[in-house]
Amino acid sequence: MTYDMLLLRFGEITLKGRNRNRFEKTVYTHIKAVLKPYPKVNVIREYGRLYVELNGESAEELTQVLRKVFGIVSVSPVRVCPVDLDAIIETALDFLGERELPEGTTFKVNARRVWKAFPHSSQEMNHLVGSPVLRAYPNLKVQVKQPEIELRIEVRENGAYLYYETIPGVAGFPLGSNGKAMLLLSGGIDSPVAAWAAMRRGLEIECVHFYSYPYTSQLAKEKVIELTRILSRYAGRIKLHLVPFTEVQTSFVGNGQDNMIITLMRRAMLRITSALAERSGALAIVTGDSLGQVASQTLASMNVIGRATELPILRPLVTMDKNDIVNQAIEIGTYETSILPYEDCCTLFVPKSPTTNPNLHVVERVEASLERLPELIEAAIAATETVIIKPDTDISRISGKESREPVVQEEWF
């Protein structure tokens, strides 16, 4: 198929009244950023929609890129022709002739005259274009309601736009339009899905991963970097904080409260993440918790663990079924990486019978008895490595020695 441009439609942000312009501008900026590798394209912003002039770039390739942009509800590849009835009919015939039209394919024309100086009304255009199309392609059958092919024609002053495909996008809010949050990113299935769900609601996220070398391997670290790289396809770039957690984690072993290790560990994670959030200006913490899935995700456990921070904890998956989470992971492309058999620190030192109903006062007394805990937490924060991950990031470079070098902070918007 040959196309001249892509039509991008906004979703619920068009309902935001006075904030609508800000949301649309944010989407426009995001699109300009993700299209930097395609210098030929030109992005045109109009009220309520965007157009991307292809200028020879692949419509299929760019569609796959743009349908991942949050705030875009759908993409339509468009053929453009002069504002002339004969040219519109000729383009419609050529356009439909490029696809298979099995016997009985239902069809209709839906014309819209945006430029009122054009001599034919929208209703007239439906018949003026539809009749020659039906004569040329007798396999087509007119059906007004829910046809298989709905040829849309927009007549504008600068050209007539023809399209019939509507490819769904991820919709949601524009990235970063609702603030910034820190995401606890493990190597499992849930947290990457939570990251995607948070970004879809307009949050810019920074990922925080805790590793416990030598108990966790270099491959486990690379797995998390790869998950971040996959997520960056939706965001353009994501900042990843790699926190050395060995000393903090091992401090909880051998204190006679082994059943509380998971609770103590996750509270320490929240304290470290809160400190990183303060540096970054993040206003919330996002987790992949799903109610009742494991011992640390009972309501009682989440309550005690959450008391370790004053920041709000957002749990996008809290009521989701595991099968639904898995299906979402497959759809966004993180599942195959998430199931790779490389351990993370959350699987270490897990007691046979972890508590599902921890007592806050007991947990706080245990923490108070660990005199070096505040010092170890501060040391972990100080030793945290921060890297910026993009879709084209070289994983081997980031996971190697160069990951310890200072990272140049780039502005996203």
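Keep in mind that what you see is a predicted model, and the values were worked out from it rather than measured. (Residues numbered from 1 in each chain as written. Predicted model: local features only at pLDDT ≥ 70, side-chain atom pairs only at ≥ 80, totals over all residues. Heavy atoms only, no water.)

Participant: Could you clarify how one ought to interpret the packing of aromatic side chains in this entry?
Facilitator: Any two aromatic rings considered together are summarised by their centre-to-centre distance and by the angle between their planes. A complete count under the given rule lists 8 aromatic pairs for this structure. On the numbers, 5.6 Å between centres and 55° between planes, the contact of Phe23 with Phe173 is tilted. On the criterion of sequence distance, the pair formed by Phe23 in helix H1 (residues 20–34) and Phe173 in the loop between strand S9 (167–168) and strand S10 (180–184) is long-range, its members being 150 residues apart. Accessibility classification places Phe23 together with Phe173 in one group, the buried group. Ring pairs connect the aromatic residues Tyr3, Phe95 and Tyr164, which therefore count as one cluster. Lying over the aromatic face of Phe23, Arg22 brings its terminal NZ or CZ to 4.6 Å of the ring centre. (Phe/Tyr/Trp six-rings, centres within 6.5 Å; stacked < 30°, edge-to-face > 60°. Helix = DSSP H or I, 4+ residues; strand = E, 2+ residues; numbered from the N terminus. Buried < 20%, exposed > 50% of the residue type's maximum accessible area, 1.4 Å probe, protein only. Lys NZ or Arg CZ within 6 Å of the ring centre and 35° of its normal.)

Participant: Would you mind going over the packing of helix H8 (residues 261–280) against helix H12 (residues 360–369) with me for this structure?
Facilitator: A pair of packed helices is characterised by two quantities: the angle between their axes and the separation of those axes. Two elements in contact, H8 and H12, have axes separated by 11 Å at closest approach and are oriented at 75°. Relative to H12, the element H8 is oriented roughly perpendicular. Only Leu360, Val363, Glu364, Val366 and Glu367 of H12 make contact with H8, whose side of the interface consists of Thr263, Leu264, Arg267 and Arg271. Residues belonging to the contact of H8 with H12 are distributed by class as follows: 4 nonpolar, 1 polar and 4 charged. (Axes fitted to C-alpha atoms, helices over the stretch in contact; angles between N-to-C directions. Parallel < 35°, antiparallel > 145°, perpendicular 65-115°, else oblique. Contact = heavy atoms within 4.5 Å. Nonpolar A, V, L, I, M, F, W, Y, C, P; charged D, E, K, R; others polar.)

Participant: Hey, could you run me through helix H3 (residues 85–97) in this one?
Facilitator: A turn of α-helix holds 3.6 residues, and therefore any two residues three or four places apart point the same way. Between the first and last C-alpha of H3 there are 18 Å, a value that for 13 residues agrees with the 18 Å anticipated at 1.5 Å per step. Looking at the buried residues of H3, the elements they touch are strand S4 (72–81), strand S5 (105–113), helix H4 (122–136), strand S7 (149–156) and strand S8 (159–163). One side-chain oxygen of the residue at the start of H3 lies 3.1 Å from the amide nitrogen of Asp86, identifying that residue as Asp84. (Expected span 1.5 Å × (residues − 1). Polar contact = N/O pair within 3.5 Å; in protein donor to acceptor, adjacent residues only side chain to side chain.)

Participant: What's the story with the sheet that holds strand S13 (residues 285–286) in this structure? I'm lost.
Facilitator: Each strand in a sheet pairs with another by means of backbone hydrogen bonds, the pair being arranged parallel or else antiparallel. Read across the open sheet, the 6 strands follow the order S14-S13-S10-S11-S12-S15; overall the sheet is mixed. The open sheet has two edge strands with one neighbour each: strand S14 (313–314) and strand S15 (385–389). In the sheet, strand S12 (residues 238–244) pairs with S15 via 5 bridges, with the strands oriented antiparallel. By the bridge assignment for S15, His241 is matched with Thr386. Against the sheet, H8 touches S10, strand S11 (204–211), S12, S13 and S14, its axis set at about 150° to S10. (Pairing = 2+ DSSP bridges.)

Participant: Is there a simple way to think about the pattern of salt bridges in this case?
Facilitator: Between side chains of opposite charge, a pair can form as their charged atoms come close. Inspection of every chain in the model, using the stated rule, returns 18 salt bridges. For Glu154, the salt bridge is made with Arg49, and the minimal N-O distance between the two is 2.6 Å. Taken as a pair, Glu154 in strand S7 and Arg49 in strand S3 (residues 49–53) lie far apart in primary sequence, 105 residues in all. When its relative accessible area of 4% is taken as the criterion, Glu154 is described as buried. (Salt bridge = Lys/Arg side-chain N within 4 Å of Asp/Glu carboxyl O.)

Participant: I would appreciate a short explanation of the environment of Phe118 in the present structure.
Facilitator: With respect to the helices, strands and loops of the structure, Phe118 is situated in the loop between S5 and H4. Its relative accessible area of 4% is what places Phe118 among the buried residues. Sequence-wise, Phe118 and Val155 are 37 residues apart; in three dimensions their C-alpha atoms are separated by 7.7 Å. Apart from residues no more than four positions distant in its own chain, Phe118 is found in contact with Val83, Asp84, Leu85, Ile88, Arg113, Met125 and Val155.

Participant: I would appreciate a short explanation of the side chain of Ser232 in the present structure.
Facilitator: Inspection of the secondary structure assignment puts Ser232 in helix H6 (residues 218–235). Classification of Ser232 as buried rests on a relative accessible area of 0%. If we ignore the near neighbours within four places in the chain, the residues touching Ser232 are Arg237, Ile238, Ile389, Lys390 and Pro391.

Participant: Can you walk me through helix H5 (residues 190–200) in this structure?
Facilitator: H5 sits mainly inside the fold: 10 of its 11 residues count as buried. Of the residues one or two after H5, Gly202 is the one with positive phi, at around 90°.

Participant: Help me understand unusual backbone geometry, please; the structure alone is not making it clear to me.
Facilitator: Unusually for a residue other than glycine, Asn55 sits at a positive phi of about 50°. Along the polypeptide, Asn55 turns up in the loop between S3 and helix H2 (59–66). Look at Gln146: it is not a glycine, yet its phi comes out positive at around 50°. Positionally, Gln146 belongs in the loop between strand S6 (140–142) and S7. In this structure Gln146 comes out as exposed when scored by relative accessible area, which is 75%.

Participant: Just to check I follow, could you spell out the pairing of S4 for this structure?
Facilitator: Working note: regular strand, side chains alternate between the two faces of the sheet. Among the 10 residues that make up S4, 8 are buried, leaving the element largely enclosed by the rest of the structure. Sheet topology places strand S1 (residues 5–10) next to S4; 6 bridges connect them, and they run antiparallel. Its bridge partner being in S4, Phe10 is matched across the sheet by Ile72. Two strands pair when backbone bridges link them, and S4 and S9 are joined in this way by 2 bridges, in the antiparallel orientation. Across the sheet, the residue bridging to Val75 is Ile167, located in S9.

Participant: Just to check I follow, could you spell out the nonpolar core for this structure?
Facilitator: Side chains of nonpolar character tend, in soluble globular proteins, to be buried together. Ile31, Leu35, Val129 and Leu151 are the most contacted members of the largest nonpolar core, which totals 43 residues. Examining the composition of this core, we find that 6 residues originate from one element, H3, more than from any other. (Core = buried A, V, L, I, M, F, W, Y, C linked by side-chain atoms within 4.5 Å.)

Participant: Any chance you could explain the packing of H5 against helix H10 (residues 322–332) here in plain terms?
Facilitator: Between H5 and H10, the shortest axis-to-axis distance is 9 Å and the interhelical angle comes to 70°. Between H5 and H10, the crossing angle belongs to the class labelled roughly perpendicular. Between H5 and H10 the crossing geometry is left-handed. Judged by residue contacts, Asp190, Pro192, Val193 and Trp196 of H5 engage Lys322, Ile325, Gln328, Ala329 and Ile332 from H10. The class makeup of the residues in the contact of H5 with H10 is 6 nonpolar, 1 polar and 2 charged. (Left-handed = near helix turned anticlockwise from the far one by under 90°.)

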